[in-house]
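Next come the chains, spelled out residue by residue.
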Amino acid sequence: MPVTFNEQKKIFKLDTPNTSYICGIFDKEGFLGHIYYGDRIEEEDVAYLARTGEPPYTPEVNNRDRLAFYDSFPFEYPAHGLGDYRDDCIAVRTSGGNSALKLTYVSHKIIKGKKPLKGLPATFGSEDECTTLEITLTDDILELDVYLSYSVFEDVDAVLRSARIVNKSREDVSLTRVMSACLDMDNENYDLITLHGSWARERHINRRPLNRGTQSVSSIRGESGHQEHPFMAIMEHNADQTGGRVWGINFVYSGNFLAGCYVNQFDTVRAYIGINPEDFCWRLRPGDEFTAPEAVLVYSGEGLGGMSRSFHDLYRNHLIRSPYKDRKRPILINNWEATYFDFDTDKLLAIADEAAKVGIEMLVMDDGWFGYRNSDNSSLGDWYVNENKLKGGLKYLVDEVNKRGLKFGIWFEPEMISPDSELYRAHPDWAIRITGREPGQAREQYVLDLSRPEVVDYTFDQISTVLHSANIEYVKWDMNRPLADIGSAYLPAEQMGELYHRYTLAVYELQERLVTEFPDLLLENCSGGGARFDPGMLYYSPQIWCSDDTDAIERLSIQEGTSLVYPLSAMGAHVSDCPNHALGRVTPFRTRGYVALAGTFGYELDVTRIPQEDRDMIPSQIEMYHRYNDLVRMGDYYRIASYSQNHEYDCYMVVAKDKSEALVTFIQVLNRANCHSRRIRLQGLDPKRRYRLEYVDDAADRSKGEGTDRTYLGETLMKAGILVQNPWGDYQGKLISVKAE
Ligand code: GLA
């Protein structure tokens, strides 16, 4: 049984293939305490680790030091206000104005499978694949029940947590803080990793020692954001890619979040993740319930690499639902960097003509096809085709593109409204704004108030009408500004603190309706590049645009940070033109291809205008995509070297689950004169099998054939390694295919 309860000792034990999670009920009052989360152990009786045998003991033994107990006991779901002075999981505002609560054990049940979370994205699995423990806690005075849910899968090392709060009393109560999960443990000289960035520089890895006090990352932008990310990893100071203990925590949510670690006076650490309490206040009427989004906990005893592979497997097998999840995605060409707003039917068809010739499979028409939008200053909300640009209409264009053998995709930014739009002129109260205040613009646009049901219906009808009007097989769903001026003309004053979360729920509702009505649609989420690259979005779309920065070198860092948590199959990555539009760098077309092959792969350029030699390279890039994409999409990811750490070169590989083949990507960012070849130690192979190496696509490579005249034991490749000759010049790459005999 993956979940057990020892009646006598009152201990719950959850097991995954390589990990154990243990918690228990303490004291006659029934406090739910965290005991252990780490490498799998067989014995559940490790309650001594909760230190209730030491002063201050539990209230049952030593009631005079109750507060000291509250402030040191490792709680599974710490409550606010009675003496646990660490960052907590739940706080309320009662009708009497109080904020405290005390949660104790009532009952539990263990069920096969996993219930969906109402209105929220969440991991899923059949009764054979997972088991769920649901523990009920209550506050007797407030008559507030908290249902803590823990699910474990048979095939992945992850624990999925969420919380549901039910108001059983006859009075209203408001929730002012609801975290989804918490992990209390000893701080054994740990480091903390978080992901940081900006527009065009998303998810760069930041590692530092975990210090006393609170360290946190958060968003209050109404989206997960470019700047910080709903993820953190706590790890042993010497943990690296291949070894050491690591706890990764991620949040299946796309709105405001808070992820924090508090190290207290006794050197214990409390890690927690949930909806950001800032500007959050959720009213529960008698009988109402609130479901907090899902938190994902992954423990790896095999360093960061083990953690990444567990996240990848979990998301590929139990979160992404799209029919495309296990399929190669059509190779698309997107016209954004090719034309920006300056396009018409003829221009798009000219691109389609050339794209078809080189083997591209889909044309995506980006921003600028609707209303009277010729720059980013108008028409969001007016989702009807601009026939001045698209002469003959959308269906004509799509049919013509289809005739050329290409699929067709389209861009929307459904959550927005331009001040200069017919929609805004008709419904100024549909924008998020504070009554009496002029709302601030960003990219000359406002955000729609999606807490208003009629706005959700209107938006869905608009998208659905367009999609029904032609054979459209892909949608890029964009979101190009954060929320501000938090106010709704629809919500009553006492519910204004619900706007952010209601907005996120409405985005989910819209996307759910979209994938239900168009089940074969390939949906790609996007937010000014990668500002909403999170597990919540992956529930609806199998891929997310990583960044508006398509420069191959900047992408090394962005894709490294992204792949720390998310599978390569989800990373939107395209080859674009040079000098790069985000930073002016010139890199070889070949290298741009290698880097994009680590993601969904596609093109973001005007194929009618790029240099002939680049165009000539596209068919071979496409051939490589077809040859290696199954491996890249479904294999195990291993990081060998990080350019963002060593400032010279990057190297990663993907290994087939059966270890029969692998693909190594080596990118030399800066060359050095007069130096040795690099020693690269491969990972993830079968030590006992023999492998042959092949340098793929190395027409321009002076080291062609190097080391390919023999076979190697997997053990040799992993322990002793191979020598990779330095390519000539900067920004050069190599792809090495590794195949078992
Ligand atoms: C965002 C996206 C881009 C493009 C533009 C269009 O920035 O990330 O890819 O679609 O919007 O306005």
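Above this text is the structure in question.
Rules behind the numbers
Here the residue numbering is sequential within each chain, running from 1 through the sequence in written order. This being a predicted model, a pLDDT of at least 70 is required before a residue's local features are given, and a value of 80 or more before pairs of side-chain atoms are given or counted; all residues contribute to the totals for chains, interfaces and linings. Where side-chain values are given, they derive from all heavy atoms of the structure, hydrogens and water being excluded. Strands qualify as paired when DSSP identifies two bridges or more between them. A run of H or I in DSSP counts as a helix once it spans at least four residues, and a run of E counts as a strand once it spans at least two, with each numbered from the N terminus. To get an axis, fit a line to the C-alpha atoms, keeping to the stretch in contact for a helix; angles then go from 0 to 180 degrees between the N-to-C directions. What a helix should span is 1.5 Å times the count of its residues minus one. Between buried and exposed lies partly exposed: a residue is buried under 20% and exposed over 50% of the maximum accessible area for its type, with that area taken using a 1.4 Å probe on protein chains only. Any two residues whose heavy atoms approach within 4.5 Å at even a single point are treated as in contact. Throughout this description, a polar contact denotes any pair of N or O atoms lying within 3.5 Å of each other; where both atoms belong to protein, one of them has to be capable of donating a hydrogen while the other can accept it, and for residues adjacent in sequence the pair is counted only when both atoms sit in side chains.

A. Structural view of the sheet that holds strand β3 (residues 19–26). Reading across the sheet, the four strands line up as β1-β2-β3-β4 and stay open at both edges, with antiparallel pairing between neighbours. Of all the strands in the sheet, just β1 (3–6) and β4 (31–39) have a single pairing partner and so form its edges. Strand-to-strand twist in this sheet, taken as the mean axis angle between neighbours without regard to direction, amounts to 15°. Of the strand pairs in this sheet, β1 and strand β2 (residues 11–15) are connected by four bridges, and their pairing is antiparallel. Bridge pairing links Asn6 to Ile11 in β2.

B. Structural detail: helix α4 (residues 345–358). An ideal rise of 1.5 Å per residue puts 20 Å on 14 residues; α4 measures up with 20 Å between its terminal C-alpha atoms. For α4, every residue scored as buried is listed here: Thr345, Leu348, Leu349, Ile351, Ala352, Glu354, Ala355 and Val358. On its buried face, α4 is in contact with β21 (332–334), α3 (336–339), β22 (362–365), α5 (393–403) and α12 (612–634). Between the side-chain oxygen at the start of α4 and the backbone nitrogen of Asp346 there is a gap of 3.2 Å, and the oxygen is on Asp344. Directly after α4, the chain includes Gly359, whose backbone phi takes a positive value near 105°.

C. Here's a closer look at helix α7 (residues 453–468). Between its first and last C-alpha atoms α7 spans 22 Å; for 16 residues at 1.5 Å apiece the expected length is 22 Å, and the two agree. Where α7 is concerned, the buried positions are Val455, Val456, Thr459, Phe460, Gln462, Ile463, Ser464, Val466 and Leu467. Turning to α7, the residues buried within the fold contact α5, β23 (407–412), β26 (474–477) and α8 (499–517).

D. Structural view of the pairing of strand β17 (residues 268–275). Burial analysis of β17 places eight of its eight residues in the buried class, the great majority of the element. Pairing of strand β10 (residues 173–186) with β17, which is carried by seven bridges, proceeds in the antiparallel orientation. Residue pairing for β17: Ala181 is matched across the bridge by Ile273. Here strand β16 (residues 257–263) pairs with β17 via seven bridges, running antiparallel. Bridge assignment links Cys261 to a residue of β17, and that residue is Ala271. The antiparallel pairing of β16 with β17 creates a hairpin that spans four residues between the two strands, and Asp267 there sits at a positive phi of about 65°.

E. Just the environment of Ser169, in detail. Within the secondary structure layout, Ser169 lies in the loop between β9 (159–167) and β10. Among the residues examined, Ser169 registers a relative accessible area of 9% and is labelled buried. Residues Ser169 and Ala295, spaced 126 residues apart in sequence, show a C-alpha to C-alpha distance of 28 Å. Among all residues touching Ser169, those that are not within four sequence positions of it are Leu142, Glu143 and Pro286. Side-chain polar atoms of Ser169 contact the side chain of Asn167, separated by 2.7 Å.

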